[in-house]
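Examining the three-dimensional arrangement
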Amino acid sequence: MAFDLNKNEGSAPVDSSDKAKGASKFDLSKKETTAVAGTENPSKPKTWIIGLIGVLIIGGGIWYYSSTAKKADAIHHTSTEVVPLDPVVAVEAETQSKLQPDIVDTSVTALKTSPPQPVAENVVKDKNAASLNRKIPVSFRQGSFAFARVNKKIIKRIITYLSENPAALIHINGYASSEGSLTINQTISQKRADAFKKYLVSNHIAESRIIAMGKGIENPIASNDSNTGRRKNRRVEITLPSNQTQN
């Protein structure tokens, strides 16, 4: 803007053309100022927007890169992280690892220093029992359950075995010859087994350990067609189970 500030002393009249010039000068200068202002202002917002977009792009790239790196580190840390054992499981594992050598050493020491087991003694006793099986301690007359002949040696072995093995059982089987009916022979064979049972009880063998059973004319050891054979069949036999518990 340009103003004419010159004042003339006195009261000289101002020409109208001079007013017009002054007015035109004033208006043109104002328009120039407006035009300059109008050409300078639009460039500033554009520059500011471009700078903001650039900052956002750079910041987004940095954020994306940092988040990707953090995820990769987290995955690597998770894959390589050692999960701590439960304290109880760890203590049990450690205890077993400490005790295992002792167990092995103990078993080896037991094999080296353990005394002989009483297996041989049991085997001997079982052999004694087997040697007594089906022995005939006594025999009888026809129709009688009184002892006719007694094998004292076998009876002594039986009593000794039962005394040394208080848990052992004995089976007594009574037999008859073929004379008479089957019913009579079954009855007489049972009485013969019971008679030998009473004899063992009288020699301090517990009655609960003795099983007496009459077998009638079963299992003859000789022919019933002769007196000699029938005499041999009138007998009792003993059985000592070999699988019973020994003391």
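In this text the structure is predicted, and so the values were computed from the model without any measurement.

All right, on to the overall build of the chain then. Looking only at helices and strands, the chain features seven helices and five strands. Sorting the 247 residues of the chain into buried and exposed places 21% on the buried side. Expressed as a percentage of contacts within the chain between residues at least 6 apart in sequence, the contacts between residues at least 24 apart total 71%. Only carbon and sulfur atoms are counted for the fraction: they give 61% of the accessible area of the chain, which is about 18100 Å².

In this model, Arg134 sits at a positive phi of 65°, which is unusual for a non-glycine residue. Looking at the secondary structure, you find Arg134 in the loop between helix H4 (119-132) and strand S1 (138-140). Located in the positive-phi region is His204, a residue other than glycine, with phi close to 70°.

What follows is about the pattern of salt bridges. As a working rule, side chains carrying opposite charge can pair if their charged atoms are close by. Counted by the stated rule, this structure contains five salt bridges. Residue Glu237 is joined to Arg134 by a salt bridge in which the shortest nitrogen-to-oxygen separation is 3.3 Å. Here Glu237, found in strand S5 (residues 236-239), pairs with Arg134, found in the loop between H4 and S1; they are 103 residues apart in sequence, far enough to count as distant. Residue Arg134 is classed as exposed on the basis of its relative accessible area of 53%.

Turning to the pairing of strand S2 (residues 147-150), a few remarks are in order. Sheet analysis places S1 next to S2, joined by three bridges and oriented antiparallel. Following the sheet pairing, Phe140 is matched in S2 by Phe147. Counting the residues in the hairpin turn of S1 and S2 gives six residues, including Gly143, whose phi is positive at 70°.

Rules used in this analysis
- Residues numbered from 1 in each chain as written.
- Predicted model: local features only at pLDDT ≥ 70, side-chain atom pairs only at ≥ 80, totals over all residues.
- Heavy atoms only, no water.
- Helix = DSSP H or I, 4+ residues; strand = E, 2+ residues; numbered from the N terminus.
- Buried < 20%, exposed > 50% of the residue type's maximum accessible area, 1.4 Å probe, protein only.
- Contact = heavy atoms within 4.5 Å.
- Areas by Shrake-Rupley, 256 points an atom, 1.4 Å probe, with all protein chains shown as cover.
- Salt bridge = Lys/Arg side-chain N within 4 Å of Asp/Glu carboxyl O.
- Pairing = 2+ DSSP bridges.

Just geometry here; none of it tells us what the structure is for.
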